[in-house]
Amino acid sequence: DGQVSFHRPQNVKRMEVEKNKTIVNELNRTKKEEYPDLFQQQQDRERELIEEKKAFRKLQLAQEREKEKQRKLRALGTKEEEEKRKQDILDTIEKTKQMNLELSDEEDSSSEGSDVSLGF
């Protein structure tokens, strides 16, 4: 089979061992020699990795879309709140105008009734 050489042959110790035939026979009986198709295994593994990357990217895209959807909903909610605030402000202005008109009408009617003029 293979040869092994040593740098210093005088340091090599050799021993003779007798074979235990029952153990050797058991080993030979249970020995399996496989010759797998390594190229096919490599291709399969690369395909699995590509599929995992695709699935991960697809999950990332779905999460990004969900975040964008949430952001848009928040922005829409903010716009609605802003419109509501503007409408409240306009309502307040309208109420103030009405109150001022009522007060000015009351002043006009009360000043018509009295002959007191301040001279302004």
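Residues numbered from 1 in each chain as written. Predicted model: local features only at pLDDT ≥ 70, side-chain atom pairs only at ≥ 80, totals over all residues. Heavy atoms only, no water.

Caption draft 1: Quick look at the overall build of the chain. Regarding its fold elements, the chain presents two helices and zero strands. By the compact-globule yardstick of 14 Å for 120 residues, the chain is too spread out, its C-alpha radius of gyration being 48 Å. Projected onto its principal axes, the C-alpha coordinates of the chain cover approximately 145 × 35 × 25 Å. Of all 120 residues assigned to the chain, the portion counted as buried reaches 0%. Total accessible area on the chain is roughly 12,900 Å²; 52% of this is exposed by carbon and sulfur atoms. For the chain, the separation between the mean place of its 26 positive charges and that of its 29 negative charges on side chains is 19 Å. (Helix = DSSP H or I, 4+ residues; strand = E, 2+ residues; numbered from the N terminus. Rg over C-alpha atoms; globule rule 2.2 N^0.38 Å. Buried < 20%, exposed > 50% of the residue type's maximum accessible area, 1.4 Å probe, protein only. Areas by Shrake-Rupley, 256 points an atom, 1.4 Å probe, with all protein chains shown as cover. Lys, Arg positive; Asp, Glu negative; His and termini not counted. Charge placed at Lys NZ, Arg CZ, Asp CG, Glu CD.)

Caption draft 2: Fine view of the environment of Leu27. Inspection of the secondary structure assignment puts Leu27 in helix α1 (residues 21–30). A relative accessible area of 54% places Leu27 in the exposed class. A sequence separation of 62 residues divides Leu27 from Ile89, and the C-alpha atoms of the two residues are 93 Å apart.

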